[in-house]
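# Results of the structural survey
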Amino acid sequence: MSKPTTGPFEKTAGWLDWYTGPSKPKFQVPAGSVDAHCHVFGPGAEFPYAPERKYTPCDASKAQLFALRDHLGFARNVIVQATCHGADNRALVDALQSSNGKARGVATVKRSVTDDELQALHAAGVRGVRFNFVKRLVDFTPKDELMEIAGRIAKLGWHVVIYFEAVDLPELWDFFTALPTTVVVDHMGRPDVTKPVDGPEFALFEKFMREHSNVWSKVSCPERLSVAGPKALDGEQNAYTDVVPFARRIVEQFPDRVLWGTDWPHPNLKDHMPDDGLLVDFIPHIAPTAELQQKLLVDNPMRLYWPEEAK
Ligand SMILES: O=C(O)c1cc(C(=O)O)oc(=O)c1
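Residues numbered from 1 in each chain as written. Predicted model: local features only at pLDDT ≥ 70, side-chain atom pairs only at ≥ 80, totals over all residues. Heavy atoms only, no water.

Before going further, it helps to spend a moment on the overall build of the chain. Each helix and strand counted, the chain has 11 helices and eight strands in total. In terms of overall dimensions, the chain is globule-like: its C-alpha atoms have a radius of gyration of 18 Å, near the 19 Å expected for 311 residues. Here the chain holds 311 residues, and the buried ones make up 57% of them. Carbon and sulfur atoms make up 51% of the accessible area of the chain, which totals about 12,600 Å². One way to put it: in the chain the 35 positive side-chain charges average out to a point 2 Å from where the 41 negative ones average out. (Helix = DSSP H or I, 4+ residues; strand = E, 2+ residues; numbered from the N terminus. Rg over C-alpha atoms; globule rule 2.2 N^0.38 Å. Buried < 20%, exposed > 50% of the residue type's maximum accessible area, 1.4 Å probe, protein only. Areas by Shrake-Rupley, 256 points an atom, 1.4 Å probe, with all protein chains shown as cover. Lys, Arg positive; Asp, Glu negative; His and termini not counted. Charge placed at Lys NZ, Arg CZ, Asp CG, Glu CD.)

Tracing the sequence through the fold places Asn132 in strand S4 (residues 126-132). Reaching out from Asn132, the side chain makes a polar contact with the backbone nitrogen of Val134 at a distance of 3.0 Å. (Polar contact = N/O pair within 3.5 Å; in protein donor to acceptor, adjacent residues only side chain to side chain.)

To summarise the sheet geometry, strands pair through backbone hydrogen bonds and adopt either a parallel or an antiparallel arrangement. Read across the open sheet, the eight strands follow the order S1-S2-S3-S4-S5-S6-S7-S8; overall the sheet is parallel. At either end of the open sheet lies a strand with only one pairing partner, and these are strand S1 (34-38) and strand S8 (258-259). As defined by bridge partners, strand S6 (residues 183-185) adjoins strand S7 (residues 215-218) across three bridges and the pair is classed as parallel. Across the sheet, residue Val183 finds its bridge partner in S7, namely Val215. Against the sheet, helix H2 (residues 90-97) touches strand S2 (76-80), strand S3 (103-107) and S4, its axis set at about 165° to S3. (Pairing = 2+ DSSP bridges. Contact = heavy atoms within 4.5 Å. Axes fitted to C-alpha atoms, helices over the stretch in contact; angles between N-to-C directions.)

Attention now goes to helix H6 (residues 200-211). Spanning 12 residues, H6 covers 16 Å between terminal C-alpha atoms, matching the ideal 16 Å at 1.5 Å per step. All buried positions along H6 are accounted for by Phe202, Phe205, Glu206, Phe208 and Met209. Around the axis of H6, the buried residues are gathered within 150° of arc, so they sit on the same side. More than 90 degrees from the buried face of H6, the exposed residues found are Pro200 and Arg210. Looking at the buried side of H6, the elements it contacts are strand S5 (159-163), helix H5 (169-178), S6, S7 and helix H8 (244-253). (Expected span 1.5 Å × (residues − 1). Arc of directions from axis to C-beta.)

Time to look at the layout of surface pockets. Estimated volume of the largest pocket: approximately 680 Å³. Along the walls of the largest pocket sit 30 residues, with Asn132, Val138, Asp139, Phe140 and Thr141 positioned nearest its centre. Every element with two or more residues in the lining of the largest pocket is listed here: S4, helix H4 (143-154) and H5. For the lining of the largest pocket, a count of residues per class yields 12 nonpolar, six polar and 12 charged. (1 Å grid on protein atoms, 1.4 Å probe; cavity = no way out; pocket = protein on both sides within 12 Å on 5 of 7 lines; lining within 4 Å. Points joined across faces, edges and corners; volume = space filled by probe spheres on them. Nonpolar A, V, L, I, M, F, W, Y, C, P; charged D, E, K, R; others polar.)

Where H4 meets H5, the closest approach of the two axes is 10 Å, and the angle between their N-to-C directions is 20°. By the angle between their axes, H4 is roughly parallel relative to H5. Where H4 crosses over H5, the two elements pack in a sense that is right-handed. Touching Lys143, Leu146 and Met147 of H4 are Glu171, Leu172, Phe175 and Ala178, all from H5. Residue composition of the contact of H4 with H5, grouped by class: five nonpolar, no polar and two charged. (Parallel < 35°, antiparallel > 145°, perpendicular 65-115°, else oblique. Left-handed = near helix turned anticlockwise from the far one by under 90°.)

Moving on, we get to the pairing of S4. With seven of seven residues buried, S4 lies mostly within the body of the structure. Inspection of the sheet shows S3 paired to S4 by three bridges, in the parallel sense. Residue pairing for S4: Val106 is matched across the bridge by Gly128. In the classification by handedness, the crossover that spans S3, the intervening helix H3 (residues 115-124) and the parallel S4 is right-handed. The sheet contact formed by S4 and S5 spans five bridges and is parallel. Bridging from a neighbouring strand, Val129 pairs with Val160 of S5. A crossover connection joins S4 to the parallel S5 through H4; in handedness this β-α-β unit is right-handed. (Right-handed = clockwise from strand over helix to strand, strands pointing away.)

To characterise two packed helices, one gives the angle between the axes of the helices and the distance between these axes. As a packed pair, H5 and H6 sit with axes 11 Å apart at the nearest point and diverge in direction by 10°. Regarding the angle of H5 to H6, the classification is roughly parallel. Along the contact surface, H5 presents Leu169, Pro170, Trp173, Phe176 and Thr177, while H6 presents Leu204, Phe205, Lys207, Phe208 and Glu211. Taken together, the residues of the contact of H5 with H6 break down into seven nonpolar, one polar and two charged.

Within the secondary structure layout, Asp275 lies in the loop between S8 and helix H9 (276-280). Despite its burial, Asp275 remains without a salt bridge, the nearest opposite charge being carried by Lys26 at 9.2 Å. Among the polar contacts made by the side chain of Asp275, one reaches the side chain of Ser23 at a distance of 3.0 Å. In contact with Asp275, other than residues within four places in its own chain, are Tyr19, Pro22, Ser23, Ala232 and Leu233. (Salt bridge = Lys/Arg side-chain N within 4 Å of Asp/Glu carboxyl O.)

Right under this line is the structure:
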């Protein structure tokens, strides 16, 4: 893969660029696997970062994303609008349109989005919108605006992706459970993995999924959630062991409602940048059987993002 570049923008201080030269995974993903959570950044010279952004990344282009997809053995991507692009979905749409149908997308839209704009996003391959509640990433959007957007995109058959932290779930519960669509949680709702997996905080997340059959979860981002490591670097085959019990519980309880993604290019990591090949080697630790792997990596994302092709 080529190296990350920076265009006219100055990166946030301490920014970690994505890992060049990822290893070949030892775990071979099933045929037709989908990396169901990844991003493109710019390039800033072509697709400027949004004025309201909370961070400025290095560039991470569609060509670099597609090269990683091929290197890791994946067939398709779901590209999620990164907050550094705000509600300007041009970089996302460009990547989707360049993918030969191998990528679908999740956009960010404002209440002012027109029906024609939604139709154009749909034609490009967008199948969902993202609502973000992580305070360091976005300014607050009133819930009535989000609910109005959810009602409009429901008519297109789209879903809502939500990103929040575990401590905020109680306060967001009523809003989330009122959403009229399939709801996909980013990164398991960011559990604090230093707390017990069978403690009250994670139990609430499990209850959220158990009691609401429209709620799905991405069991992604061990590199973000892990406190104890070890890091996915230097050939480590047992990375992020503290995250395994959390993700595995969700995969085993809700095998038909889980997705996995690399989260490449891993915005805002502070400590280290993982080797994406070793992140793929994390998958069999959380989905230990071939049947669970097939659902996680192929059947579930196909049903949600390519229903017209799903078996
Ligand atoms: O935790 C994060 O910093 C993060 C940020 C973004 C984004 O900026 O869109 O997306 C993610 O999936 C995770």
